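# Structural characterization, general
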Amino acid sequence: MIDYSCYNIRYNKHAVEDWVTVTGEIRNETSKNFNTAVFKITLYVGTEPLGSALIKLRGFRSKSSKSFDIIVEGVHHELMHKITKHEIIFESAY
């Protein structure tokens, strides 16, 4: 488990596909550098999960932030206005 924080999370329509994209930043709050860190983001409507995706951050350096831009396949952009929350959970790092 690592200490991290998330900022500037935004939902958008993918430029070509019909899916939702999520952009934002994750900050490594630890004193360790990681070659790669993996997080799972889940989008919700109320308490019901809509879909999820993996965020892979390469070169996740100590006390620095990395931006991400991922597609959440299966979550149609027309559902974007119904998203009430998201959850970003640390999965692994090396």
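So, how was this worked out
- Residues numbered from 1 in each chain as written.
- Predicted model: local features only at pLDDT ≥ 70, side-chain atom pairs only at ≥ 80, totals over all residues.
- Heavy atoms only, no water.
- Helix = DSSP H or I, 4+ residues; strand = E, 2+ residues; numbered from the N terminus.
- Contact = heavy atoms within 4.5 Å.
- Polar contact = N/O pair within 3.5 Å; in protein donor to acceptor, adjacent residues only side chain to side chain.
- Pairing = 2+ DSSP bridges.
- Axes fitted to C-alpha atoms, helices over the stretch in contact; angles between N-to-C directions.

## Some remarks on the environment of Y4
Looking at the secondary structure, you find Y4 in strand β1 (residues 4-13). When the C-alpha positions of Y4 and E87 are compared, they lie 13 Å apart, and in sequence the two are 83 residues distant. Leave out the neighbours within four places in its chain, and Y4 touches I26, R27, E29, F39, I88, I89 and F90. A polar atom in the side chain of Y4 sits 2.7 Å from the backbone oxygen of I88. A polar contact is formed between the side chain of Y4 and the backbone nitrogen of F90, at a distance of 3.4 Å.

## Digging into the sheet that holds strand β4 (residues 48-60)
Ordered by their spatial adjacency, three strands build an open sheet running β4-β3-β6, and the pairing between neighbours is antiparallel. Edge positions in the sheet fall to β4 and β6 (85-93), since each of these pairs with one other strand and no more. The sheet shows a mean angle of 20° between the axes of neighbouring strands, direction not considered. As judged from the 11 bridges shared by strand β3 (residues 34-45) and β4, these two strands associate in the antiparallel manner.

## A few points about the side chain of S5
Within the fold, S5 resides in strand β1. In this structure the side chain of S5 is engaged in a polar contact, spanning 3.1 Å, whose partner is the side chain of Y7. A distance of 2.6 Å separates the side chain of S5 from the side chain of E29, its partner in a polar contact. Not counting chain neighbours up to four residues away, the residues in contact with S5 comprise E25, I26, R27 and E29.

Keep in mind that these numbers describe shape and distance, not what the molecule does.
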